[in-house]
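# Fold and contact review
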Amino acid sequence: MRRRGLLSPVEEPPRTSLAAGLSMGCVIAVVMLLATTFAGIAAFGMSEGLAICLSCIVAGVAGGLLQQVCFNPRVLGLPWGYPARVALFGIAYLTALVPCAWLGGWLPVDVPGAWISFVVIYLVILGACTFGLSRRYRRQRAAYAECLDAYRARRAHEGGAGPRD
């Protein structure tokens, strides 16, 4: 039985050295930003700029963790389809972004229109990304099906015996 959860081992490394370098660079950047933000808070107290920086770091880390929870089958093992996973991610990330926006002072607290715009823009971006990725995955699935059909036809033509495909 495979172990599940955010701390479960990952079997595949990043696909390229570029991906590995960017991933490590992001980790280093977040650690550096956290260290300098906390140093600034310790030295000068919380300022508007430091609050924005800290809330952006929290929002980014939350987004990455929520992506793993919602889309990595090794974390929760949810047998859900892509639309349900997107909905779960969208709701969970919005509930993480709103406190970050409030505590970080991204929007004026006393202007409801700003908050409504924030939520609407978030939902539009989520919808556009979902639409684009769904199209991409649909095309990719069709290409894989074509390749599999070609492979099966080639095996049948060659009279290949072996395990059932």
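Scope of this entry: the structure provided in the associated data block. (Residues numbered from 1 in each chain as written. Predicted model: local features only at pLDDT ≥ 70, side-chain atom pairs only at ≥ 80, totals over all residues. Heavy atoms only, no water.)

Looking now at the environment of P108. In this structure, P108 sits in the loop between α3 (82-104) and α4 (112-158). On the basis of relative accessibility, which here comes to 41%, the residue P108 falls in the partly exposed class. The residues touching P108, leaving out its near neighbours within four places in the chain, are A114 and W115. (Helix = DSSP H or I, 4+ residues; strand = E, 2+ residues; numbered from the N terminus. Buried < 20%, exposed > 50% of the residue type's maximum accessible area, 1.4 Å probe, protein only. Contact = heavy atoms within 4.5 Å.)

As a further point, take helix α1 (residues 17-44). The terminal C-alpha atoms of α1, which comprises 28 residues, lie 40 Å apart, in line with the 40 Å expected from a rise of 1.5 Å per residue. G45 occupies a position one or two residues after α1 and carries a positive phi of about 85 degrees. (Expected span 1.5 Å × (residues − 1).)

Note on placement: R85 falls in helix α3. Using a relative accessible area of 10% as the deciding quantity, one classes R85 as buried. Residue contacts for R85: discarding those within four places in its chain leaves C70, F71, L78 and W80.

With that out of the way, let us pick up a positive patch on the surface. On the surface, R135, R138, R139 and R141 cluster together to form a positively charged patch. Relative to the elements of secondary structure, R135 occurs in helix α4. (Patch = residues over 30% accessible without salt bridge, like charges linked within 9 Å, V, L, I, M, F, W, Y side chains within 5 Å. Areas by Shrake-Rupley, 256 points an atom, 1.4 Å probe, with all protein chains shown as cover. Salt bridge = Lys/Arg side-chain N within 4 Å of Asp/Glu carboxyl O. Lys, Arg positive; Asp, Glu negative; His and termini not counted. Charge placed at Lys NZ, Arg CZ, Asp CG, Glu CD.)

Over its 24 residues, helix α2 (residues 48-71) runs 34 Å from end to end, which matches the ideal 34 Å to within 8%, given 1.5 Å per residue. The set of residues buried in α2 consists of L50, A51, L54, S55, I57, A59, A62, G63, L66 and C70. In this structure, the buried residues of α2 make contact with α1 and α3.

What follows covers the nonpolar core. Membership of the largest hydrophobic core comes to 19 residues, with the highest contact counts inside it found for L66, F89, Y93, L97 and Y122. Contributions of two or more residues to this core are made by α2, α3 and α4. Ranked by residues supplied to this core, first place goes to α3 with nine residues. Residues in contact with Y93, not counting those within four places in the same chain, are A59, G60, A62, G63, L66 and Y122. (Core = buried A, V, L, I, M, F, W, Y, C linked by side-chain atoms within 4.5 Å.)

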